Amino acid sequence: MGQEGDAVLTPTTEEDLADIVRGANGPLSVRGGGTRGPLPEGEAVTTTGLTGITLYEPGALTIVARAGTPMEEIEAALASENQRLPFEPMDHRVLLGTTGTPTIGGAVAMNVSGPRRVQAGACRDSLIGVRFVDGTGTIVKNGGRVMKNVTGYDLVKLLAGSRGSLGVLTEVSFKVLPSAATEATLVLDGLDVAGAVKAMAAALSSPFEVNAAAHDPQSGKTSLRIEGLEGSVAYRTDALTKVLTPFGTVTSIAGAGSADLWRAVRDGQAVAGEGDIWRVHTRASAAAQVVADAKATASLLDWGGGLVWLRVPEGLDLRARLGPHGAQAIRVRGTGAGALPPEPPALAALTDGIRDRFDPRGLFKAGLAG
Amino acid sequence: MEMPKVDPFILAKKATLVARLSEVLPADAVIHDIEETRAYECDALTAYRCPPLAAVLPRNTREVADVLRICHDLGVPVVPRGSGTSLAGGALPTADCVILGVARMNDVLEVDYDDRIIRVQTGRTNLSVTGAVEADGFFYAPDPSSQLACAIAGNIAMNSGGAHCLKYGVTTNNLLGVTIVQMDGTVVEIGGAHMDAAGLDLLGVICGSEGQLGVVTEATLRILPKPEGARPVLIGFDSLEVAGACVADIIKAGVLPVAIEFMDRIIIRIVEDYAHAGYPDCEALLIVEVEGSEAEIDEQLALIEAIARRHDPVELRQSQSSDEAAKIWLGRKSAFGATGRISDYMCLDGTIPVSELPRVLAGITALSQKYGLRVGNVFHAGDGNMHPLIMYDANKPGDLELCEDMGAEILKLCVEVGGCLTGEHGVGIEKRDLMGHQFTAEDMEAQMRVKDVFDPKWLLNPAKVFPLATTQSRRATVA
């Protein structure tokens, strides 16, 4: 673990960062805001000296920022023009009880995507450009500032969610979207997990543009969000209520109450507490099986069941419990099993080959453990 | 267009190659007669043609793996081919290559409405994916103009877009999983019916890799519930700049239409002659489409029309019926074909920041005058994806070269203003030699490293995407 009080290298330019990487003699412990818990072993380097929005063009739905820019600065700039990041990134501090300031680069490195992922896509879907320093200390750019771009290979996607294993991000560009004028949430009460997954599938299969669907097994509440122009939200609330009525009594929450509810889902509040935290990506129709097999202390379904948050006793190997449904189980906090699931040999050969070529000296490998 | 020198050692192996391919495929799936191979000599970039050494039409992943293993053993390059609709020469053969066509692989393997996915063999055409689910109220969102013919394999290779991707995204945003066969015959499953990989997002880099990393044989695609309705509005202007400003204002206002299409006068006239879509005769025409219930459409269009009126449109007309709407879209989607009826043309595909529209349109006009070639503009304005169509005469010596030089200048302009060489068609051979204008050597090296991992011998579609001089040493390891 990186020790308190160690000198943290804080480059303020891409070139300085490249020099640090080129000159490194051993593992680097790269961090953004450090909000995701224990930091990897190695010489500490932070991106928090690489800050600032470098371009924001509301008329082109584009924002570009240096990787260490605090998330709240990005969100405030967008809000001033009535726009937002489509993918609704979570704040890990709530779930993990950590401190620090989330950065935009951190969100990209982990492909952090919240409830709206089910409709508007993940962080990687909004990401349209990156600059990074790879493990040889070379500065690389890919993508750019336009939202349609197929020029060369899409390393933008490859970098998103790569956990810093291919390089240190220095600048990221996004396609953004207009904020919604209004929102409303419809709530079903008392469904079991299987029933909730069915109800969420029915809602997401309707034409009423449900953009978030979550179920909290503790409270038994299933929530579905609609956003848009005022008249449209009113219309779709009625129409969706009809779709959901076969599943139970539907109540609705508007405005701030709705926003609070989804902030809690986004941040995984329902599974916060003592123990290990896992997230399982699964086909939604298998979510009930995942919850049943996990026998977790607490659980939460997001993305219509495509994402299952689980809190289990410390050190438990959840993947062993889940069998094939645990193929995409990620340990977010805890010890024991690796954070990332093992990959089948042919896939692992590709993944390892790419990591080795972008980081031939293994400088960034420590980050994968946490 | 320069292509690698034909390898005589490979040509000499033709008999062995054909014999070995015939052991793993039915007789009618191995095409080696010189006349028959001509059917595969080009794609939709028809200016360049070259019959391949042979073509094969496997029916499933196993046969694809068998073919690739044989070609790998013999050191024969393979060019994958979807439906051959690439505008960038992505499926252009070399004389010493095998064309691997996926046309016989068009089965639907799984449909699951609860998970909103469809799994198909990748030879299936784009439109027939929607065809498989539309009776149940679903559709597959990416809609390239060639959607009637183009295959999902090609859509994945080029990360294809379409008119409606402003709202629904392009192929990569609608692709959940693939079965891919590497050049050495290794079959890899990547992604699936779930969202977002735990490990590296290989799916993201496979999509758009122009058939250079592997042959994608099966794909899991996201399907979406069909909207209740959709309605386009036509907005005509007497100036290109004003139309461009209107686009930016609509986007800034917070209504996000599902599509904003732009045509200039040259294209409006060509299309109107062909499709009788009822377009007004003006300098610039926008087709703006919104979706939802009748009332929702009214609400959104009221906002859009209010913005448009501030720019003094010469025409502002909502479609009054589904027939009229279909005509409006038929016109737009036939723009390339209609242009092809009256002239040879080259279709460019650069993307620019929307704010640079006026500057780039003015630049294109100036270049048109400088080169003496007519240019029509038809494009996806919402996302800045331009499609200048440069018209030339293929029978006039030197005209194609003139056209290519002019195209290169336009694409350089796109890069100069912060855009890119290609928004949805791909690099292929067409933009290959311009890559250095957008990327440094280091940027390209980082991309080529990925191919080194998937295809160490550089046998898959090797002469595309990167300038030949850049890939020389890698391709040289073949022999």
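Fair warning: this is a prediction, and the values are worked out from it, not measured in the lab.

Asks: Tell me what's going on with the sheet that holds strand 3 (residues 78-81) of chain B, and back it up with residues and numbers.
Replies: Residue and element names in this part refer to chain B. The four strands are arranged 1-2-4-3 in an open sheet whose pairing can be described as mixed. In this open sheet, the two edge strands, each paired with only one partner strand, are strand 1 (30-31) and strand 3. Pairing geometry for strand 1 and strand 2 (residues 54-56), over two bridges, is antiparallel. Looking across to strand 2, one finds that Ile31 is bridged to Ala55.

Asks: Explain helix 11 (residues 287-294) of chain A residue by residue, including any values.
Replies: Residues and elements named next belong to chain A. Among all positions in helix 11, only Ala287, Val290, Val291 and Ala294 are buried. Down the axis of helix 11, the sector holding all buried residues measures 95 degrees, keeping them to one side. At its buried positions, helix 11 is contacted by helix 8 (193-204), strand 14 (276-281), strand 15 (298-302), strand 16 (307-312) and helix 12 (318-322). Two residues or fewer after helix 11 comes Lys295, characterised by a positive phi angle close to 45 degrees.

Asks: Talk me through the pattern of salt bridges; I want residue IDs and the actual numbers.
Replies: Overall, the coordinates contain 55 salt bridges over all chains when judged by the stated rule. One salt bridge in this structure joins Asp189(A) and Lys221(A), with 3.1 Å as the shortest N-O distance. Of this pair, Asp189(A) sits in strand 10 (residues 182-189) while Lys221(A) is found in strand 12 (residues 221-228), placing the two residues 32 residues apart along the sequence. Here Asp189(A) falls in the partly exposed class, since its relative accessible area comes to 47%. Judged by its relative accessible area of 36%, Lys221(A) is partly exposed. One continuous salt-bridge network, built from bridges that share partners, spans Arg283(A), Glu110(B), Asp112(B), Asp115(B), Arg119(B) and Glu218(B).

Asks: Residues and numbers for the sheet that holds strand 13 (residues 259-264) of chain B, please.
Replies: Residues and elements named next belong to chain B. Sheet architecture is open: seven strands sit in the order 15-12-14-13-17-18-16, paired in antiparallel fashion. The two strands at the open ends of the sheet, each matched to only one other strand, are strand 15 (315-318) and strand 16 (344-347). On average, adjacent strands in this sheet sit at an angle of 15 degrees to one another, irrespective of strand direction. The pairing of strand 16 with strand 18 (residues 388-392) spans four bridges and is antiparallel. Across the sheet, the residue bridging to Met346 is Ile390, located in strand 18. Sheet strands touched by helix 10 (residues 294-309): strand 12 (230-237), strand 14 (284-291) and strand 15. Its angle to strand 12, the strand with the most contacts, is close to 10 degrees.

Asks: Please set out the environment of Val64(B) residue by residue, giving values where relevant.
Replies: Residue and element names in this part refer to chain B. Here Val64 shows up in helix 3 (residues 61-74). Taking the C-alpha atoms as reference points, Val64 and Leu100, separated by 36 residues in sequence, lie 8.1 Å from one another. With sequence-adjacent residues up to four places away left out, Val64 is seen in contact with Pro58, Leu100, Met105, Val181, Val215 and Thr217.

Asks: I'd like a description of unusual backbone geometry, backed by residues and values.
Replies: The residue Lys295(A) is not glycine, and still its phi comes out positive at about 45 degrees. Looking at where Lys295(A) falls in the secondary structure, it is placed in the loop between helix 11 and strand 15. Note on Lys295(A): relative accessible area 62%, which makes it exposed. Residue Arg116(B) is not a glycine yet carries a positive backbone phi of 50 degrees. Its relative accessible area of 11% is what places Arg116(B) among the buried residues.

What counts as what
Residues numbered from 1 in each chain as written. Chains lettered and ligands numbered in written order. Predicted model: local features only at pLDDT ≥ 70, side-chain atom pairs only at ≥ 80, totals over all residues. Heavy atoms only, no water. Pairing = 2+ DSSP bridges. Helix = DSSP H or I, 4+ residues; strand = E, 2+ residues; numbered from the N terminus. Buried < 20%, exposed > 50% of the residue type's maximum accessible area, 1.4 Å probe, protein only. Arc of directions from axis to C-beta. Contact = heavy atoms within 4.5 Å. Salt bridge = Lys/Arg side-chain N within 4 Å of Asp/Glu carboxyl O. Axes fitted to C-alpha atoms, helices over the stretch in contact; angles between N-to-C directions.

The analysis is restricted to geometry; functional conclusions fall outside its scope.
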